[in-house]
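# Structure at a glance
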Amino acid sequence: MPRKIIIDTDPGQDDAVAILLALASPELEVLGIVAVAGNVGLHHNANNALKIAELAGRADVPVFAGCARPMRRTLVTAEHVHGDTGLNGPDLPQPKTALQAQHGVDYIIDTLMAAEPKSITLCTLGPLTNIGMALVKQPAIAERIAEIVMMGGGYFEAGNITPAAEFNIYVDPEAADLVMRCGAPITMMTLDVTHQIQSTPERLNAIRAIGNKSGTAVYEMLTFSESFDLKKYGWDGAPLHDPTVIAYLLRPELFDGRLCNVTIETASELTVGMTVADYWHVTDRPRNVNYMRNGNAVGFYALLLERLALLP
Ligand code: BDR
Ligand code: CA
């Protein structure tokens, strides 16, 4: 039986690759995609999610719009990385399918409450606003979630939007704090991992060489979004973030880390959004997060290549 997942996302080129990887994988059943404000505004992110589902030939997957701004803060966006539409690079057609009428937060709540307990995994690729709001509106969802696998945070590699904070956590630290404390099993794919999963020219060329529409689009997307990071880090390839969430579901052995406490900084102006990871167990705070620290880039790109080749 495929594992049932809901993808909560702010696409975003790397989100798009994650969604394509999920839709290409028979081990996973994508029940729905929920957009959230993050990389760019909600309107673009939701529209991009529709475009990606259509690119994968999966217009049957329902797409919902969730929250347009963080729980308590003004939205911070990242057009400087992702472009003004959030998905600059490929020239994808405007979607033919429409968004679902239901609000994304209600979709998450209703789906979890109606399903068998612990049968649905939430994959979060953006700020945690929708999940935080769902937990506020219906706290009973916490014990019904099989697992939350998120891209967010970082400790050893520090931050990417501030010196201390990773973007997804920084945008809505109050939502992230609620999620960390909710009691559901959490796996965190951090910057410590994603900085090891670099999209080098050889890897991008291999994706383009697949020769299908999806491979070409991924090549064009990542070529666009990596240009900012290549200058910033001076590495051969840019970090690739969100697809590690899906790769973890498919091949957990590609990653390693440990169960430890992660607490979100919400008060300090200097370090707000920091994921304070008690990796060395120096406190007795509850071990609430399966914190991933390392990833096997060769294995990851082999998997991505294999799966993208299955798409249109
Ligand atoms: C995260 O921020 C976004 O820009 C990416 O899509 C990813 O989810 C990386 O910090
Ligand atoms: Ca994202």
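Remember, predicted model here, so these are calculated numbers, not experimental data. The residue numbering used here restarts from 1 in each chain and proceeds along that chain's sequence as written. Each chain gets a letter, beginning with A, and each ligand a number, beginning with 1, in the order they are written. For this predicted model, a pLDDT threshold of at least 70 governs which residues receive local features, and a threshold of 80 or more governs which side-chain atom pairs are given and counted, while totals over whole chains, interfaces and linings are taken from all residues. Side-chain calculation: all heavy atoms of the structure are included, whereas hydrogens and water are not.

### So, the pairing of strand β4 (residues 120–124)
For a regular strand, side chains alternate in direction, first toward one face of the sheet and then toward the other. Only protein chains enter the area calculation, which uses a 1.4 Å probe; residues under 20% of their type maximum are buried, those over 50% are exposed, and those in between are partly exposed. Only DSSP runs of H or I reaching four residues or more are called helices, and only runs of E reaching two or more are called strands; each is numbered from the N terminus. Burial analysis of β4 places five of its five residues in the buried class, the great majority of the element. Alternating residues of β4 divide into Ile120, Leu122 and Thr124 and Thr121 and Cys123, and every residue in both groups is buried. Being paired, for any two strands, means DSSP has found at least two bridges between them. As paired elements, strand β1 (residues 3–9) and β4 share five bridges and run parallel to each other. When the sheet's bridge partners are listed, Asp8 is paired in β4 with Thr124. Inspection of the sheet shows β4 paired to strand β5 (residues 145–151) by five bridges, in the parallel sense. Within the sheet, the bridge partner assigned to Thr121 lies in β5 and is Glu147. Handedness of the β4-helix α5 (residues 129–137)-β5 crossover: right-handed. A crossover counts as right-handed when, viewed with the strands pointing away from the observer, the path leading from the first strand over the helix to the second turns clockwise.

### Details of the coordination of the calcium ion (ligand 2)
Each donor-metal-donor angle would ideally measure 109.5 degrees in four-coordinate tetrahedral geometry, or 90 or 180 degrees in six-coordinate octahedral geometry. Protein coordination of the calcium ion (ligand 2) is provided by Asp10 (OD), Asp15 (OD), Asp15 (OD), Leu125 (O) and Asp242 (OD), with donor distances spanning 2.2 to 2.5 Å. In this description, a donor is an N, O or S atom within 2.8 Å of the metal centre, a cutoff extended to 3.2 Å for sodium, potassium and calcium. Water is not part of the atom list, which can make sites seem incomplete. Positions of the donor residues of the calcium ion (ligand 2), expressed as sequence spacing, correspond to D-x4-D-x109-L-x116-D. Residue classification places Asp15 among the buried positions, given a relative accessible area of 0%.

### Focus on the environment of Pro95
Relative to the helices and strands, Pro95 resides in the loop between α3 (79–82) and α4 (104–114). According to the relative accessible area criterion, Pro95 is buried, its value standing at 17%. Counting along the chain gives 36 residues from Pro95 to Ala59, while the straight-line C-alpha distance between them is 9.0 Å. Setting aside chain neighbours within four positions, we find Pro95 in contact with Asn47, Leu50, Lys51 and Glu54. In what follows, a contact means two residues having at least one pair of non-hydrogen atoms within 4.5 Å.

### Description of the packing of helix α9 (residues 201–208) against helix α10 (residues 213–233)
Fitted lines through C-alpha atoms give the axes, limited to the stretch in contact for helices. The angle between two N-to-C directions lies from 0 to 180 degrees. Interaxial distance between α9 and α10 falls to 7 Å at its minimum, and their mutual angle equals 150°. When the interaxial angle is binned, α9 and α10 end up roughly antiparallel. In this structure, α9 contributes Leu204, Asn205, Ile207 and Arg208 to the contact, and α10 contributes Gly215, Val218, Tyr219, Leu222, Thr223 and Glu226. Classifying every residue of the contact of α9 with α10 gives five nonpolar, three polar and two charged. For classification purposes, an angle smaller than 35 degrees is called roughly parallel, one larger than 145 roughly antiparallel, one from 65 to 115 roughly perpendicular, and anything else oblique. Note on residue classes: Ala, Val, Leu, Ile, Met, Phe, Trp, Tyr, Cys and Pro are nonpolar, Asp, Glu, Lys and Arg are charged, and everything else, Gly too, is polar.

### So, helix α1 (residues 13–23)
Of all eleven residues in α1, eleven are buried; the element is thus mostly enclosed. By the burial criterion, the buried members of α1 are Gln13, Asp14, Asp15, Ala16, Val17, Ala18, Ile19, Leu20, Leu21, Ala22 and Leu23.

### Describing the state of the cysteines
Any two cysteine sulfur atoms lying within 2.5 Å of each other are counted as a disulfide. Applying the stated criterion to the full structure yields zero disulfides. Of all cysteine sulfurs, the one in Cys182 lies closest to Cys67, which takes part in no disulfide; the gap is 16 Å. Since its relative accessible area comes to 10%, Cys67 is described here as buried.

### Considering the environment of Met150
Within the secondary structure, Met150 is located in strand β5. Each C-alpha atom, one on Met150 and one on Asp242, is 8.2 Å from the other, the two residues being 92 residues apart in sequence. Residue contacts for Met150: discarding those within four places in its chain leaves Thr124, Leu128, Val179, Met180, Ile186, Thr187, Met188, Met189 and Val245.

### Overview of the pattern of salt bridges
In the sections that follow, a salt bridge refers to a side-chain nitrogen of Lys or Arg positioned within 4 Å of a carboxyl oxygen of Asp or Glu. Applying the stated criterion across every chain yields a total of eight salt bridges. Measuring nitrogen to oxygen at the nearest pair gives 2.6 Å for the salt bridge that ties Lys137 to Asp106. Here the residue Lys137 occupies a position in helix α5, and Asp106 occupies one in helix α4, the gap between them amounting to 31 residues. Between Arg307 and Glu306 there is a salt bridge, with its nearest N and O atoms 2.8 Å apart. Arg307 sits in the buried class, given a relative accessible area of 5%. Exposure remark for Glu306: the relative accessible area of 41% places this residue in the partly exposed category. Where salt bridges share partners, they join Glu27, Glu306 and Arg307 into one cluster.

These figures come from the coordinates and say nothing about function on their own.
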